[in-house]
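In case you want the letters, here they are:
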Amino acid sequence: MTQVVNSARPIAPEATLWRRVKSNRNWLGFWFMLPAMAFLLLFLAYPLVLGIYMSFTDVRIGREGEFIGLENYAWLWDDPVFWLSVFNTLLYTTVASVFKFVIGLYLALLLNRHLPFKAMIRAVVLIPFIVPTVLSAIAFWWIYDPQFSIISWTLKQFGLITENINFLGDPWNARWSVIFANIWRGVPFVAITLLAGLQTVPPSLYEAATLDGASQWQMFRKITYPLLTPIIAVVMTFSVLFTFTDFQLIWVLTRGGPVNATHLMATLSYQWGILGGKLGEGAAVATAMVPFLLACILISFFGLQRRKWQHGGRDD
């Protein structure tokens, strides 16, 4: 009687594991995301953790620091310049973000209509966002020049003022001047992103509302705004984050002056940590920004998780 011998080789455990990895979508996705994860850990997570650690030390440029606990934060708590920078940052972020949203939404609604040369108008609207921040700041620095300002010259020609406006020399004038510059630069990002969201709204909804006799305001309140709400949440989250951490525009225009009137937390951290050599205090100021940024992100994240709110309804 002939005996059949199984000559197949046993499959190695490593080969079986590799087959499972290749056939598992989750594992395959993990390997594809691994380079991006490594990049984020190296250039985002590591500097963040290092900065938080440095905020608990008295490290200086050229000298190793020692762990001092919460002394840097206790010093910040009693420092008036730090609290002034907090006030400036909140004022700067709040006013600029509100105006960027209002103007950006208006431009998005305007550009969503059938206008002549609409493509050219969109390109012009994008220019302030495309131009590098430093170049924009230098341009505004010329516009706000105390002697040769085009704004002061124009107002004097119309007889509205008798002497040049000190845009960057007066504390409150400087605050409003840098806020205006930030609004001019940030509006295109909000407008174009909201315009992309408006393109996804089905036209049939507006046609049905028109047949029902709805006004333009009713269509905006009942159709446009509810469907645009998720995009608004994401766009404004990014807008607030970019505005809160703004550095280049302020530093080129005023360097935090006059008399710390335009110092934001980001510029103050740079001045104390890099220019002043006090890395521990500078890291503490930067770390103090984290709770504000986390609060903004969490508000947007949890808001987007609420399905009824996302679709314009009310939560029960």
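Keep in mind it's a predicted model, so treat the numbers as computed, not measured. (Residues numbered from 1 in each chain as written. Predicted model: local features only at pLDDT ≥ 70, side-chain atom pairs only at ≥ 80, totals over all residues. Heavy atoms only, no water.)

## Considering the overall build of the protein chain
Quick note on the threshold: In this text, helices come from DSSP runs of H or I with a minimum length of four residues, and strands from runs of E with a minimum of two, each type numbered from the N-terminal end. To sort residues, take the accessible area from a 1.4 Å probe on protein chains only and compare it with the maximum for the residue type: under 20% means buried, over 50% means exposed, and anything in between is partly exposed. The criterion used for residue contact is that any of the two residues' heavy atoms lie within 4.5 Å. Note on areas: Shrake-Rupley with a 1.4 Å probe; residue coverage comes only from the protein chains shown.
Along the protein chain, the regular secondary structure elements total 15 helices and zero strands. For the protein chain, the residues scored as buried account for 35% of the 316 residues in total. Partitioning the intrachain contacts of the protein chain with sequence separation of at least 6 by distance along the chain shows that 66% fall at a separation of at least 24. Of the roughly 20,400 Å² of accessible surface on the protein chain, a fraction of 69% belongs to carbon and sulfur atoms.

## Here we look at the pattern of salt bridges
Heads up, the condition is: Salt bridges, as used here, are contacts in which a Lys or Arg side-chain nitrogen is within 4 Å of a carboxyl oxygen on Asp or Glu.
For the structure on display, the rule yields one salt bridge. Ionic pairing is found between E281 and R60, a salt bridge with its closest N-O pair at 3.3 Å. Note that E281 is positioned in helix α13 (residues 279-288) and R60 in the loop between α2 (25-54) and α3 (71-77), a separation of 221 residues in sequence. Residue classification places R60 among the partly exposed residues on the basis of a relative accessible area of 26%.

## Some details on the packing of helix α9 (residues 203-211) against helix α10 (residues 216-244)
Pairs of packed helices are described in terms of their axes, by the angle between the two and the distance that separates them. The cut-off we apply is this: What counts as an axis is a line fitted to C-alpha atoms, over the stretch in contact for a helix, and the angles between N-to-C directions run from 0 to 180 degrees. Should an angle fall under 35 degrees it is called roughly parallel, over 145 degrees roughly antiparallel, and 65 to 115 degrees roughly perpendicular, with every other angle called oblique. By convention the crossing between two helices is left-handed if the near helix lies anticlockwise of the far one by an angle smaller than a right angle, and right-handed if it lies clockwise. Any residue outside Ala, Val, Leu, Ile, Met, Phe, Trp, Tyr, Cys, Pro, Asp, Glu, Lys and Arg is labelled polar, Gly included; the first ten of those are nonpolar and the last four are charged.
It is at 11 Å that the axes of α9 and α10 come closest, and there the two elements cross at 165°. By the angle class used here, α9 and α10 are roughly antiparallel. Along this stretch, α9 crosses α10, giving a crossing that reads as right-handed. Two secondary-structure elements touch here, α9 through L205, Y206, A209 and T210 and α10 through M219, I223, T224 and L227. Grouping the amino acids of the contact of α9 with α10 by side-chain chemistry returns six nonpolar, two polar and no charged.

## A word on the packing of aromatic side chains
Put simply, the rule reads: Two rings belonging to Phe, Tyr or Trp (six-membered ring only in the last case) form a pair when the distance between their centres is within 6.5 Å. Interplanar angles under 30 degrees mark stacking, angles over 60 mark edge-to-face geometry, and anything in between is tilted. A positively charged side chain is recorded as over a ring if its NZ (Lys) or CZ (Arg) lies within 6 Å of the ring centre. The angle to the ring normal must also be within 35 degrees.
Under the counting rule described, the total for this entry stands at 21 aromatic pairs. Between the aromatic rings of F244 and F292, the centroid separation amounts to 5.5 Å while the plane-to-plane angle is 35°, which identifies the pairing as tilted. On the criterion of sequence distance, the pair formed by F244 in helix α10 and F292 in helix α14 (residues 290-305) is long-range, its members being 48 residues apart. The buried category is assigned to F244, whose relative accessible area is 4%. A relative accessible area of 36% means that F292 is categorised as partly exposed. Ring plane angle 70° and centroid distance 5.0 Å describe the contact between F247 and Y270, whose orientation is recorded as edge-to-face. Pair noted here: F247 is in the loop between α10 and α11 (248-253) and Y270 is in helix α12 (residues 265-275), with a separation of 23 residues, a long-range link. When its relative accessible area of 25% is taken as the criterion, F247 is described as partly exposed. Between R175 and the ring centre of W172, over which it is positioned, the NZ or CZ distance is 4.5 Å.

## Describing the side chain of T57
Mapped onto the elements of the fold, T57 is located in the loop between α2 and α3. Contacts of T57, omitting those with residues within four sequence positions, involve E66, F67, I68, N72 and G280.

## Things to note about the packing of helix α4 (residues 80-111) against α12
Relative to each other, α4 and α12 sit at 145°, their axes nearing to 8 Å. For the pair formed by α4 and α12, the contact residues are V81, F82, S85, V86 and T89 on the first element and M265, L268 and W272 on the second. Classifying every residue of the contact of α4 with α12 by side-chain character gives six nonpolar, two polar and no charged.

## Considering the confidence of the model for the protein chain
Where the model shows low pLDDT, its predicted coordinates should not be examined in detail. Applicable threshold: Confidence of the predictor at the level of single residues is given by pLDDT, which spans 0 to 100.
Mean pLDDT for the protein chain: 85, with 88% of residues reaching 70 or above. Confidence drops under pLDDT 50 across residues 307-313; counting only partners more than four residues distant or on other chains, this segment forms 14 contacts.

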